[in-house]
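Architecture at a glance
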Amino acid sequence: MKIVILGASGQLGKEFENYLRGKEEIYALTHAQLDILDFKKLSESLNKIKPDCVINCSAYTKVDMAEDEIEECFKVNAIGAKNVSYASYKINAKVIYFSTDYIFDGNKDSPYTEFDEPNPLSFYGKSKLLGEEYTKIYNPNHLILRISWLYGINGRNFVKTIIQKGIKERELKIVDDQVGSPTYTLDVVRQTLKLIEEDKVGIYHSSNQGEISWYKFAKKIFEILNIDNINILPIKTEDYPAKAKRPRYSALENYLLKLENLNIMRDWERALTDFLNTYGSFLINSYHEKGEIKSV
């Protein structure tokens with residue numbers, strides 16, 4: 001299979017590149033190499049490569065900054081998604097777009113399924129929902145995966161940041177009234193590829209299963225790492241200064257994946273344990289070497 005990965009320098013794009021290299025014919029393109037807002041160049045590049053599949057990992061993900069950088073956020077997440085979808089359609093390629101749990105308002109008390117009505121609270125959430133719509137409209141051969149609380153070895157994310165800050169500062173204040181489904185990039189890659197292999201189309205929730213608050217998630221990270229000399233304090237959302245409003249509850253249920261017997265997403269705790277067993281020591285040692293932490 002010939003696959004183009006757009007946004008290949010991000011945490012999800014890099015995971016796809018690392019996983020697929022040597023397995024498929026891939027073209028991993030960073031934002032610097034190919035800007036999805038330049039439709040002419042994007043279309044010409046895809047037409048030259050003629051991939052079977054275009055995986056759009058390009059995204060504006062700065063949730064709070066999006067409240068001020070509204071135009072930039074919508075350009076990347078919506079207009080960029082439209083460009084990628086239509087350019088893929090023109091060469092008869094499947095397009096993959098990644099959405100977010102932040103398209104929901106958090107007013108449910110049970111995990112969101114694909115049949116629940118979106119109602120985003122932030123400009124980031126609104127832009128991703130519009131990206132979904134454009135992806136659907138401009139290419140019927142589309143696959144949209146909604147993912148949540150993403151982390152992995154590449155890029156910036158909660159797990160890496162909390163390890164660094166916790167060991168350096170020894171005390172953390174973490175929100176305990178926002179609940180979601182932490183999700184490992186490697187599992188998203190594997191699930192996406194399974195859906196591509198099955199030639200599936202449409203919208204699927206694709207998160208690691210189960211739910212937990214940010215506070216308990218942080219505690220679990222250090223518990224798995226066997227680091228017990230860090231004081232983690234629970235705080236409320238209103239005590240944490242954040243510009244964008246976030247859903248208080250955004251756990252996702254992989255309902256359609258399960259109905260179609262396609263779900264291979266693990267429980268969030270198993271996935272986190274796997275990630276930290278693989279990369280925990282490496283992360284801690286790298287922070288030491290950079291002088292970012294003094295001792296464990």
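Just above, that's the structure.
Values in this document were obtained by computation on a predicted structure and should not be read as measured data. (Residues numbered from 1 in each chain as written. Predicted model: local features only at pLDDT ≥ 70, side-chain atom pairs only at ≥ 80, totals over all residues. Heavy atoms only, no water.)

**Quick notes on the overall build of the chain**
Across its full length, the chain carries nine helices and 12 strands. Its C-alpha atoms give the chain a radius of gyration of 19 Å, near enough to 19 Å, the size a compact globule of 296 residues would have. If one aligns the C-alpha atoms of the chain with their principal axes, the spans along those axes are about 55 × 40 × 40 Å. Classification of the 296 residues of the chain by burial places 54% in the buried group. When the accessible surface of the chain is split by element, carbon and sulfur atoms take 47% of a total near 13500 Å². Of the side-chain charges in the chain, 40 are positive and 42 negative, and the distance between the mean point of each set is 4 Å. (Helix = DSSP H or I, 4+ residues; strand = E, 2+ residues; numbered from the N terminus. Rg over C-alpha atoms; globule rule 2.2 N^0.38 Å. Buried < 20%, exposed > 50% of the residue type's maximum accessible area, 1.4 Å probe, protein only. Areas by Shrake-Rupley, 256 points an atom, 1.4 Å probe, with all protein chains shown as cover. Lys, Arg positive; Asp, Glu negative; His and termini not counted. Charge placed at Lys NZ, Arg CZ, Asp CG, Glu CD.)

**Points about the nonpolar core**
Core analysis: the largest hydrophobic core is formed by 39 residues, its most contacted members being V159, I163, F217, I221, L272 and L276. Contributions of two or more residues to this core are made by helix 3 (70-90), helix 5 (158-169), strand 7 (171-175), helix 7 (214-224) and helix 9 (268-289). A total of eight residues in this core trace back to one element, the largest contributor, which is helix 9. In contact with F217, not counting residues within four places along its chain, are Y151, F158, V159, P182, I212, W268 and L272. In this structure, L145, L193, Y204 and L256 belong to the second largest nonpolar core, which totals 27 residues. (Core = buried A, V, L, I, M, F, W, Y, C linked by side-chain atoms within 4.5 Å. Contact = heavy atoms within 4.5 Å.)

**Observations concerning the pairing of strand 4 (residues 94-100)**
Counting buried positions along strand 4 yields seven of seven residues, so the element is predominantly enclosed. Two elements, strand 3 (residues 53-56) and strand 4, share four bridges in a ladder whose sense is parallel. Looking at the pairing, V54 lines up with V95 of strand 4. One crossover worth recording links strand 3 to the parallel strand 4 by way of helix 3, and it is right-handed. (Pairing = 2+ DSSP bridges. Right-handed = clockwise from strand over helix to strand, strands pointing away.)

**Let's talk about the pattern of salt bridges**
According to the stated counting rule, one finds 20 salt bridges in the structure shown. For D109, the salt bridge identified is with R248, shortest N-O distance 2.7 Å. With a gap of 139 residues between them, D109 in the loop between strand 4 and helix 4 (123-138) and R248 in the loop between strand 12 (231-235) and helix 8 (255-259) connect regions that are remote in the sequence. (Salt bridge = Lys/Arg side-chain N within 4 Å of Asp/Glu carboxyl O.)

**Description of unusual backbone geometry**
The backbone of N92 shows a phi angle near 60°, a positive value even though the residue is not glycine. Structurally, N92 can be placed in the loop between helix 3 and strand 4. A positive phi is found at N261, a non-glycine position, where the angle reads about 55°. Within the element layout of this structure, N261 appears in the loop between helix 8 and helix 9. Given the relative accessible area of 69%, N261 is considered exposed.

**A closer look at the packing of aromatic side chains**
Counted according to the given criterion, the structure contains 19 aromatic pairs. For the pair Y86 and Y89, a centre-to-centre distance of 6.1 Å together with 20° between the ring planes defines the contact as stacked. With Y86 and Y89 both in helix 3 and three residues apart, the pair spans about one turn of that helix. Take Y86: its relative accessible area is 34%, and that puts it in the partly exposed class. The structure contains a cluster of three or more aromatic residues connected by ring pairs, namely W149, Y151, F158, Y184, W214, F217, W268, F275 and Y279. The ring of Y112 carries K108 above its face, with NZ or CZ at 5.3 Å from the centroid. (Phe/Tyr/Trp six-rings, centres within 6.5 Å; stacked < 30°, edge-to-face > 60°. Lys NZ or Arg CZ within 6 Å of the ring centre and 35° of its normal.)

**Focus: the sheet that holds strand 1 (residues 2-6)**
Within the open sheet, the six strands sit side by side as 2-1-3-4-5-10. Their pairing is parallel. Only two strands of the sheet have a single partner each, and these edge strands are strand 2 (25-29) and strand 10 (202-205). Adjacent strand axes in the sheet meet at a mean angle of 20°, parallel and antiparallel pairs treated alike. Packed onto the sheet, helix 2 (residues 39-49) meets strand 1, strand 2 and strand 3 and runs at close to 155° relative to strand 1. Sitting on the sheet, helix 4 is in contact with strand 4, strand 5 (142-147) and strand 10, with an inclination near 160° to strand 4. (Axes fitted to C-alpha atoms, helices over the stretch in contact; angles between N-to-C directions.)

**Here we look at the side chain of S148**
Summarising the element assignment, S148 is placed in the loop between strand 5 and strand 6 (150-151). Of the polar contacts made by the side chain of S148, one reaches the backbone oxygen of S181; its length is 2.6 Å. Setting aside residues no more than four positions away along its own chain, S148 makes contact with D101, S181, P182, T183, S207 and L252. (Polar contact = N/O pair within 3.5 Å; in protein donor to acceptor, adjacent residues only side chain to side chain.)

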